[in-house]
Amino acid sequence: MFRATNIHTAQDIDAEDLWSMEPVDPDGFVCPDCGSKVYPTSYRPENLRRAHFAAKPKCPPWCPSNGEADLLKRARAESLSAEDGGFPGYMPAGFRLPVETTPADSAAGASATEGEGKGRRAPAAPPEQGARQRPRVTTSFRDICRAYLNFPNDRHRELHFLDLYGSTYDEVIWRLRTKQDRLIRYPIPHLFHGPIGWRAPEVSDDHALIEMDVKEWHEGKPGRPYQVKVLWGDWTQRQRNALLREVQTASDEAKELKKAGSKDRSLLFFVGQQEKGDDGIFVVTERKLICCLTGFDGRPTAAQAKRKA
């Protein structure tokens, strides 16, 4: 489970937010769908795996989290969108930037941003309307990026993201590309994604420079890659460390995926615009609009067939 509700702030958070949270209350989180107790896992600096939440004991049978693995398996093979617009998974229709809020008390995990969750205990039986319906407009950048990866055959669904171009996932989220022997100039900002490189970021007091595994090719030899410059002059040291850890985790996952021959990729998602005079560098100015996730970034056969129809 990669999302939970913080009972101290009543806000939903991503597991990766644990890396920048101090302190972390191991008893301070519940499932955002049913309210069952969940525990933060693999968030300490010495842990090698990606941070996540574990439900012990498991959520009640009616909680959507129990069937998530089967749902995502189906999503790889087919569109899950119903003719009436219904959808069994979570694909938010909109995004707005979270606003820093004052926590309810000074308990652990007090650093928070505005969200949609509510702390509570799990009911013994499902509510009359089933489990809590997650909001159609999210304040989590990872919600958007994860939905894009989880439901590759449903990227035609509605998405409104700040003032970016487009009204569907396909239109808003762009895969970084090259024209073989040269990089591309994108005239307006987009929500971009692409496989992350293996080289450690270059860091200075005012920025981090992250290399992408999307580059020029000249006569079969790699050339210049795209790079993402994250302006972090006003970030705390903990926030900087959290980003560097996330990038390192994604790079390590990329190596493991390649070794295993997997079609999944470790991807960097970001909203940015290229520097004037340098097509190779994208600049990210907003801390809440960059993240790394692992998943399927291609387009399955089912989606290709639907587009041709």
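This text follows the structure it describes.
Residues numbered from 1 in each chain as written. Predicted model: local features only at pLDDT ≥ 70, side-chain atom pairs only at ≥ 80, totals over all residues. Heavy atoms only, no water.

1. Side note on the overall build of the protein
Here is the rule we go by: Helix and strand labels come from DSSP, where a helix needs a run of H or I of at least four residues and a strand needs a run of E of at least two; each type is numbered from the N terminus. Under the scheme applied here, a residue whose accessible area is under 20% of the maximum for its type counts as buried, over 50% as exposed, and between as partly exposed, the area being computed with a 1.4 Å probe on protein chains only.
The number of helices and strands found in the protein is five helices and 16 strands. The 309 residues of the protein split such that 48% are buried.

2. A look at the sheet that holds strand β4 (residues 37-41)
Selection criterion: Following DSSP output, two strands are said to pair if at least two bridges run between them.
Spatially, β2-β1-β3-β4-β5 is the arrangement adopted by the five strands of the open sheet, whose pairing is antiparallel. A strand with exactly one partner marks an edge of an open sheet, and here the two such strands are β2 (11-14) and β5 (52-55). In this sheet, β5 lies alongside β4 in antiparallel orientation, the contact comprising four bridges. Considered in β5, the bridge of Tyr39 is made with Ala54.

3. Re the nonpolar core
For the record, the criterion: For the purposes of this section, nonpolar cores are sets of buried Ala, Val, Leu, Ile, Met, Phe, Trp, Tyr and Cys residues that join through side-chain atoms within 4.5 Å. Should any heavy atoms of two residues lie within 4.5 Å, those residues are counted as being in contact.
Grouped together as the largest cluster of nonpolar side chains are 26 residues, with contacts concentrated most on Phe141, Ile144, Phe161, Tyr169, Ile173, Leu191 and Phe269. Listed by contribution, the elements that provide at least two residues to this core are α1 (68-77), α2 (141-150), α3 (169-172), β14 (265-275) and β16 (290-295). At six residues, the largest contribution of residues to this core is made by α2. In contact with Ile173, not counting residues within four places along its chain, are Ile144, Tyr148, Leu191, His193 and Phe269. Val230, Ala250, Phe282 and Val284 belong to the second largest nonpolar core, which has 24 residues in total.

4. A closer look at the pattern of salt bridges
For side chains bearing opposite charge, pairing can occur when the charged atoms are close. We count it as follows: A pairing counts as a salt bridge when a side-chain nitrogen of Lys or Arg comes within 4 Å of a carboxyl oxygen of Asp or Glu.
On inspection of all chains with the given rule, the structure shows 18 salt bridges. Across the pair Arg142 and Glu246 runs a salt bridge whose closest N-O atoms are separated by 2.7 Å. Of this pair, Arg142 sits in helix α2 while Glu246 sits in helix α4 (residues 237-260), and the two are 104 residues apart along the sequence. A single network of salt bridges, built from pairs that share partners, joins Arg3, Asp14, Glu16, Asp17, Arg142, Asp143, Arg146 and Glu246.

5. Focus: the pairing of β2
Side-chain positions along a regular strand alternate between the two faces of the sheet. Going residue by residue along β2, you find Gln11 and Ile13 tucked away on one face and Asp12 and Asp14 tucked away on the opposite face as well. Pairing analysis gives four bridges linking strand β1 (residues 3-6) to β2, with the strands arranged antiparallel. Directly across from Asn6, in β2, lies its bridge partner Gln11. Where β1 folds back onto β2 in an antiparallel hairpin, the turn is made up of four residues, including Ala10, whose phi is positive at roughly 60 degrees.

Function cannot be read off these values alone, since they describe shape.
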